[in-house]
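In case you want the letters, here they are:
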Amino acid sequence: MDKKLNKGVFITFEGIDGCGKSVQSRRLAAYLQKKGYKCRLTFEPGDCALGEELRRVLLKSPAGSLSARTEALLFATARAQHVDEVIIPALKRGEIVICDRFIDSTIAYQGAGRGLDIKFLQALNAFATDGLEPDLTFVLRVSVATSLGRRKQDFDRIEEEGKVFFSLIADAYSLLAEQNPQRIKVIDGEADEDKVFAQICQKLEPFLASEGE
Ligand code: TYD
């Protein structure tokens, strides 16, 4: 039987490239579906027609071909369409939306990584999402060495950035977690897959219990 929530729940996964969030978000969606929740697994940038086109531009353009401001605006554009077309409708249907990357990626990558103004990026995020914020965010924390070691060989434009860039991003995620302790839960992503998943479930269960019937 389908489990009912009082309203949709919006969960996001964040972390540096190679932190394991894509595996864990897929695993969480499958686990919740098995428990009877209606779940919509999604990701950024992409998962709608415009988002897919912008993803190609953002990740496949040659190095140096997009300025930092252009990059930030394109991520925000993809997000606005994704929120309107995918996330809001699923939340309105009362589903659990699990999104691989969202607003915190922009603060970490375009803010800390590219050096753009954080206040402006917060305003840009608010505009792109129409004020929608995740109910719960899991930041999977791994060292930069682990991140580099786990990554596949065909790097996209952003993954080509070096160690310093990813250290800045990792620090930004730690700061975001400190600033938003209610929403952002830090998970030790260095542990093996099952242990990481157990930590996620442990943090999620009380939250879902308070949202349910
Ligand atoms: P993705 O395939 O999701 O990488 P990963 O699986 O490693 O997360 O690619 C998304 C890339 O885009 C990733 O390097 C982070 C970057 N990104 C930003 O820089 N800003 C953003 O707002 C978002 C959503 C992603």
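The coordinates are above.
Notes on the structure follow. (Residues numbered from 1 in each chain as written. Predicted model: local features only at pLDDT ≥ 70, side-chain atom pairs only at ≥ 80, totals over all residues. Heavy atoms only, no water.)

Some thoughts on helix 4 (residues 103-113)
Move 1: Most of helix 4 is tucked away, with ten of its eleven residues classed as buried.
Move 2: Residues of helix 4 that are buried include every one of I103, D104, S105, T106, I107, A108, Y109, Q110, G111 and G113, and no others.
Move 3: Buried positions along helix 4 lie against strand 1 (9-14), helix 3 (68-92), helix 5 (118-129), strand 4 (136-141), helix 7 (163-179) and strand 5 (184-188).
Move 4: Two residues or fewer after helix 4 comes G115, characterised by a positive phi angle close to 80°. (Buried < 20%, exposed > 50% of the residue type's maximum accessible area, 1.4 Å probe, protein only. Helix = DSSP H or I, 4+ residues; strand = E, 2+ residues; numbered from the N terminus. Contact = heavy atoms within 4.5 Å.)

Considerations on the site of the ligand
Move 1: In the vicinity of the ligand lie 16 residues, with K21, R55, R101, T106 and Q110 positioned nearest.
Move 2: One of the side-chain N or O atoms of R79 is found 3.0 Å from an oxygen atom in the ligand.
Move 3: Taking 540 Å² as the accessible area of the ligand by itself, protein coverage stands at 91%.
Move 4: Looking at the shell around the ligand, the elements with two or more residues in it are helix 1 (21-34), helix 2 (49-60), helix 3 and helix 4.
Move 5: At four residues, the largest contribution of residues to the shell around the ligand is made by helix 4.
Move 6: A breakdown of the residues in the shell around the ligand according to their chemical character gives five nonpolar, four polar and seven charged. (Near = heavy atom within 4 Å. Polar contact = N/O pair within 3.5 Å; in protein donor to acceptor, adjacent residues only side chain to side chain. Areas by Shrake-Rupley, 256 points an atom, 1.4 Å probe, with all protein chains shown as cover. Nonpolar A, V, L, I, M, F, W, Y, C, P; charged D, E, K, R; others polar.)

Section: unusual backbone geometry
Move 1: Following E44, the chain continues into P45 via a peptide bond in cis, with omega recorded as -10°.
Move 2: By the element assignment, P45 lies in the loop between strand 2 (39-43) and helix 2.
Move 3: The phi angle at D47 is positive, at roughly 65°, despite the residue not being glycine.
Move 4: Mapped onto the fold, D47 is located in the loop between strand 2 and helix 2.
Move 5: One non-glycine residue, R101, lies in the positive phi region at around 80°.
Move 6: Among the structural elements, R101 can be located in the loop between strand 3 (96-100) and helix 4.
Move 7: We classify R101 as buried; its relative accessible area is 12%.

Quick word on the pattern of salt bridges
Move 1: Applying the stated criterion across every chain, the model contains 14 salt bridges.
Move 2: With a closest N to O distance of 3.1 Å, R40 and D47 form a salt bridge.
Move 3: Taking the relative accessible area as the measure of exposure, R40 reaches 26% and is therefore partly exposed.
Move 4: The salt bridge partner of D104 is R183, with a shortest N-O separation of 2.8 Å. With D104 in helix 4 and R183 in the loop between helix 7 and strand 5, this pair connects stretches of sequence that are 79 residues apart.
Move 5: Assessed through its relative accessible area of 2%, D104 is described here as buried. (Salt bridge = Lys/Arg side-chain N within 4 Å of Asp/Glu carboxyl O.)

Re the nonpolar core
Move 1: If you look at the biggest cluster of nonpolar residues, it comprises 52 residues, and the most contacted ones within it are I11, L32, I96, I98, Y109, F138 and L204.
Move 2: Once you skip the residues sitting within four places of it in the chain, I11 turns out to touch I96, V97, I98, C99, L136, F138 and L204.
Move 3: Counting ten residues, the second-largest nonpolar core is a separate cluster that includes F10, A90, C99 and F102. (Core = buried A, V, L, I, M, F, W, Y, C linked by side-chain atoms within 4.5 Å.)

So, the state of the cysteines
A disulfide bridge is the covalent bond that connects two cysteines by way of their sulfur atoms.
Move 1: For the structure on display, the rule yields zero disulfides.
Move 2: Lacking any disulfide linkage, C19 is separated from the closest cysteine sulfur, that of C99, by 13 Å.
Move 3: Under the relative-accessibility criterion, C19 is labelled buried at 3%.
Move 4: With no disulfide of its own, C39 has C201 as its nearest cysteine by sulfur position, at a separation of 12 Å.
Move 5: Residue classification places C39 among the buried residues on the basis of a relative accessible area of 12%. (Disulfide = S-S within 2.5 Å.)

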